[in-house]
Amino acid sequence: WWQQNRRKQWYQRRVRGLPALDIVKKAFNNRHEVHSSGEIVKFAQGGCPWKEHLYQLESAAGCEGQVKYVLYSDSLGSWRVQAVGVQGEGFKSRKPLPESWRGVRDEKLSELIGIPECIFVHATGFIGGNKTEGGALEMARQALQM
């Protein structure tokens, strides 16, 4: 029973990752349509395990470390901008969201950065949120310039 269960779990993990690879590959290949630099990748929705696939795709394309931010929608329809982590470095981000934004929320954040409908930026700068896709994209665009 134990060995059978173990094989089943291994198979489920392998199969579950295959659709994610296709989703990440499509978003990676379209990254220049999101931002001309290719440093922002956008997924149509969240919940996709993207990190390892992104690292593999960057390596295969010879552009390791290029993507700085990933955008995706959350379960409530808001959007997230997440800083891509440095591979193998735990919680270190390639380009965290700007320090002046960190820990600021809602209208105060919108006023600070000039982007409407901001929700938050985490105190460490690894993730932020906006009520709209366009707002999250603008957050990522501005962060790239800082």
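Note that the structure is a prediction, hence the values are computed from the model and not measured. (Residues numbered from 1 in each chain as written. Predicted model: local features only at pLDDT ≥ 70, side-chain atom pairs only at ≥ 80, totals over all residues. Heavy atoms only, no water.)

Chemist: Just checking my understanding: could you explain the packing of aromatic side chains for this structure?
Modeler: The geometry of an aromatic ring pair comes down to the distance between the two centres and the angle between the two planes. If you walk through the whole model with that rule in mind, you get one aromatic pair. Plain terms: the ring middles of Phe43 and Trp50 are 6.5 Å apart, the flat faces sit at 40° to each other, and that makes the pair tilted. The class for Phe43 is buried, based on a relative accessible area of 3%. Look at Trp50 and you get buried, because its relative accessible area is 7%. (Phe/Tyr/Trp six-rings, centres within 6.5 Å; stacked < 30°, edge-to-face > 60°. Buried < 20%, exposed > 50% of the residue type's maximum accessible area, 1.4 Å probe, protein only.)

Chemist: Before we go on, may I ask you to explain the nonpolar core in this structure?
Modeler: The tendency in soluble globular proteins is for nonpolar side chains to be buried side by side. In this structure, Tyr69, Leu71, Trp101, Leu109 and Met139 are the most contacted members of the largest nonpolar core, which totals 21 residues. Mapped onto this core, the elements with two or more residues apiece are β2 (69-73), β3 (79-83), α4 (106-113), β4 (118-121) and α5 (133-145). Among the elements that take part in this core, α5 stands out by supplying six residues, more than any other. In terms of nonpolar packing, the next biggest core, distinct from the first, is built from 19 residues, Ala27, Val41, Phe43 and Phe120 among them. (Core = buried A, V, L, I, M, F, W, Y, C linked by side-chain atoms within 4.5 Å. Helix = DSSP H or I, 4+ residues; strand = E, 2+ residues; numbered from the N terminus.)

Chemist: What am I meant to see in α4 here?
Modeler: Because an α-helix packs 3.6 residues into every turn, residues spaced three or four apart end up facing the same way. Of all the residues in α4, the buried ones are Leu109, Ser110 and Ile113. For α4, the arc enclosing every buried residue in end-on projection is 100°, short of the 170-degree limit, so these residues lie on one face. More than 90 degrees from the buried face of α4, the exposed residues found are Glu107, Lys108 and Glu111. Immediately downstream of α4, the backbone of Gly114 shows phi near 75°, a positive value. (Arc of directions from axis to C-beta.)

Chemist: Just checking my understanding: could you explain the pairing of β3 for this structure?
Modeler: Regular strands have side chains that alternate between both faces of the sheet. Summarising burial for β3: five of the five residues are buried, a large majority. In β3, alternate side chains face the same way, and those of Trp79, Val81 and Ala83 on one face and Arg80 and Gln82 on the other are all buried. Where β3 and strand β5 (residues 127-130) come together, four bridges link them in antiparallel fashion. In the sheet register, Gln82 faces β5, and the bridge partner there is Ile127. (Pairing = 2+ DSSP bridges.)

Chemist: When you look at the side chain of Asp74 in this model, what are you seeing that I'm missing?
Modeler: Looking at where Asp74 falls in the secondary structure, it is placed in the loop between β2 and β3. A distance of 3.0 Å separates the side chain of Asp74 from the side chain of Arg80, its partner in a polar contact. (Polar contact = N/O pair within 3.5 Å; in protein donor to acceptor, adjacent residues only side chain to side chain.)

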